[in-house]
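Coordinate inspection notes
Here are the chains, one letter per residue:
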Amino acid sequence: MQLRFHHQAQVLLVPSAFTKITGEAHWEILLRARAIETQCYVIAAAQAGKHNDKRESYGDTIIIDPWGKVVGRLPDKQSTGITVADIDFSLIDSVRTRMPIAKHRQPFDFWKPQPL
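- If you check an unreviewed UniProt entry, the protein appears there as CN hydrolase domain-containing protein from Kalanchoe fedtschenkoi.

**Regarding the overall build of the protein**
- When its secondary structure is counted, the protein shows 4 helices and 6 strands.
- Its C-alpha atoms give the protein principal-axis dimensions of about 50 × 35 × 20 Å.
- Residue burial in the protein is summarised as follows: out of 116 residues, 29% are buried.
- Restricting the contact set of the protein to residue pairs at least 6 apart, pairs at least 24 apart contribute 58%.
- Carbon and sulfur atoms provide 58% of the accessible area of the protein, an area that totals close to 8,100 Å².
- With 15 positive and 12 negative side-chain charges, the protein shows a spacing of 5 Å between the two charge centroids.

**Some thoughts on helix α3 (residues 89–98)**
- Residues of α3 that are buried: Ile92, Val95 and Arg96. The arc enclosing the buried residues of α3, seen along the axis, measures out at 95°, which places them on a common side. What points out from α3, more than 90 degrees from its buried face, is the exposed set Thr97 and Arg98.
- Turning to α3, the residues buried within the fold contact α1 (2–7), α2 (20–38) and β2 (41–46).

**Comments concerning unusual backbone geometry**
- Of note in the backbone geometry, Gln8 takes a positive phi value of approximately 55° without being a glycine.
- Within the secondary structure, Gln8 is located in the loop between α1 and β1 (11–16).
- Positioned with a positive phi, Gln39 is a non-glycine residue whose angle comes to about 55°.
- Inspection of the secondary structure assignment puts Gln39 in the loop between α2 and β2.
- You can call Gln39 buried: its relative accessible area is 0%.

**Some remarks on the pattern of salt bridges**
- Tallied over the entire structure, the rule returns 5 salt bridges.
- A salt bridge links Lys20 to Glu24, with the shortest nitrogen-to-oxygen separation between them at 2.7 Å. On the criterion of helical spacing, the pair formed by Lys20 and Glu24 is a turn pair, its members being 4 residues apart in helix α2.
- The class of Lys20 is partly exposed, set by a relative accessible area of 31%.
- Across the salt bridge formed by Glu28 and Arg73, the nearest N and O atoms sit 2.6 Å from each other. Of this pair, Glu28 sits in helix α2 while Arg73 sits in strand β6 (residues 70–73); the two residues are 45 residues apart in sequence, bridging distant segments of the chain.
- The partly exposed category is assigned to Glu28, whose relative accessible area is 27%.
- A relative accessible area of 31% places Arg73 in the partly exposed class.
- Salt bridges here are not isolated pairs; linked through shared partners, they connect Glu28, Arg32, Asp60 and Arg73.

Criteria and cut-off values
- Residues numbered from 1 in each chain as written.
- Predicted model: local features only at pLDDT ≥ 70, side-chain atom pairs only at ≥ 80, totals over all residues.
- Heavy atoms only, no water.
- Helix = DSSP H or I, 4+ residues; strand = E, 2+ residues; numbered from the N terminus.
- Buried < 20%, exposed > 50% of the residue type's maximum accessible area, 1.4 Å probe, protein only.
- Contact = heavy atoms within 4.5 Å.
- Areas by Shrake-Rupley, 256 points an atom, 1.4 Å probe, with all protein chains shown as cover.
- Lys, Arg positive; Asp, Glu negative; His and termini not counted.
- Charge placed at Lys NZ, Arg CZ, Asp CG, Glu CD.
- Arc of directions from axis to C-beta.
- Salt bridge = Lys/Arg side-chain N within 4 Å of Asp/Glu carboxyl O.

Here it is in structure tokens:
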């Protein structure tokens, strides 16, 4: 959120090594939520494979647009490679114009007592 609302980010990069269990349950849905709530492209490179008898990473390298649509993905969650997608900056502008969430945000200072 800081990158989007304080630094005007348009693309977020998310490197990760989710475990197989949490990756299967949460990886894509969390990334799509980040793209939607920040109105940014999310490019998520994910480590994949079995590292030892106790540790396995989920994989699934993915690119998501600001509307939450998957626009790029490796064909196999356990594969190694590169996926590409066009970054359409006009789509970012369009989404932000249609849903101006930045204008609706109110600053909140966690260090100050808030009125009830």
